[in-house]
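One letter stands for each residue in the lines below.
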Amino acid sequence: MSKRIDLFIREGSVETIYQDEVAGLLAEVAKQPSTSFVVRRASHVEPYTEEGTVYWEVDLSPVGGAVIRKSESGERFTRRQDALEFELRWLNQFYFRRHNHGKADFE
């Protein structure tokens with residue numbers, strides 16, 4: 001099964017949400033003469049503890065977002081996977097659409 005990877009090219013830079021499948025592409029790009037690239041984080045998913053319970057937060061501050069500790073339904077992220085899924089939805093819905101003039105085509 002193939003996996004869709006969205007790349008956004010703007011003013012000489014490429015933006016994407018890093019996935020393991022991107023690593024091979026980056027390795028090939030790095031081999032090209034006079035080519036350089038920088039990988040920057042758009043967000044972080046980190047654990048925090050409150051009253052002895054571990055929860056997860058999504059820190060979107062690197063791209064101008066907030067630190068989010070609850071899902072759209074108001075529930076705290078008790079599983080890392082839930083926080084990662086929220087992070088991906090937010091980046092697709094807000095960051096990429098805003099920076100690509102609403103032209104992003106997300107599934």
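The preceding data block contains the structure.
This section reports on the structure supplied with the text. Note that the structure is predicted; figures quoted are calculated from it, not measured.

### So, the nonpolar core
Stage number 1. By size, the foremost hydrophobic cluster in this structure holds 15 residues, and its most contacted members are Val-58, Leu-60, Phe-77, Phe-86, Trp-90 and Leu-91.
Stage number 2. Taken together, the elements giving at least two residues each to this core come down to strand E4 (53–59) and helix H2 (80–99).
Stage number 3. Tallying contributions element by element places H2 first for this core, with six residues.
Stage number 4. If we skip the residues at most four places from it in the chain, Val-58 touches His-44, Val-45, Ala-66, Val-67, Ile-68, Phe-77, Ala-83, Phe-86 and Glu-87.

### Observations concerning unusual backbone geometry
Stage number 1. Positive phi is not limited to glycine here, since Glu-51 has a value of about 50°.
Stage number 2. Summarising the element assignment, Glu-51 is placed in the loop between strand E3 (44–50) and E4.

### Side note on the side chain of Ser-71
Stage number 1. Note that Ser-71 resides in the loop between strand E5 (67–68) and H2.
Stage number 2. Classification of Ser-71 by relative accessible area gives buried; the value is 16%.
Stage number 3. Within the structure, Ser-71 has its side chain in polar contact with the side chain of Ser-73 (distance 2.9 Å).

### Details of the packing of aromatic side chains
What characterises a pair of aromatic rings is the spacing of the ring centres plus the angle enclosed by the ring planes.
Stage number 1. One pass over the full model with this rule turns up three aromatic pairs.
Stage number 2. Judged by centre distance (5.7 Å) and plane angle (35°), the ring pair of Tyr-48 and Tyr-55 falls under tilted.
Stage number 3. The buried category is assigned to Tyr-55, whose relative accessible area is 14%.
Stage number 4. Pairing Trp-90 with Phe-94 gives two aromatic rings, centres 5.6 Å apart and planes at 40°, and the pair type is tilted.

What counts, and where the lines are drawn
- Residues numbered from 1 in each chain as written.
- Predicted model: local features only at pLDDT ≥ 70, side-chain atom pairs only at ≥ 80, totals over all residues.
- Heavy atoms only, no water.
- Core = buried A, V, L, I, M, F, W, Y, C linked by side-chain atoms within 4.5 Å.
- Buried < 20%, exposed > 50% of the residue type's maximum accessible area, 1.4 Å probe, protein only.
- Helix = DSSP H or I, 4+ residues; strand = E, 2+ residues; numbered from the N terminus.
- Contact = heavy atoms within 4.5 Å.
- Polar contact = N/O pair within 3.5 Å; in protein donor to acceptor, adjacent residues only side chain to side chain.
- Phe/Tyr/Trp six-rings, centres within 6.5 Å; stacked < 30°, edge-to-face > 60°.

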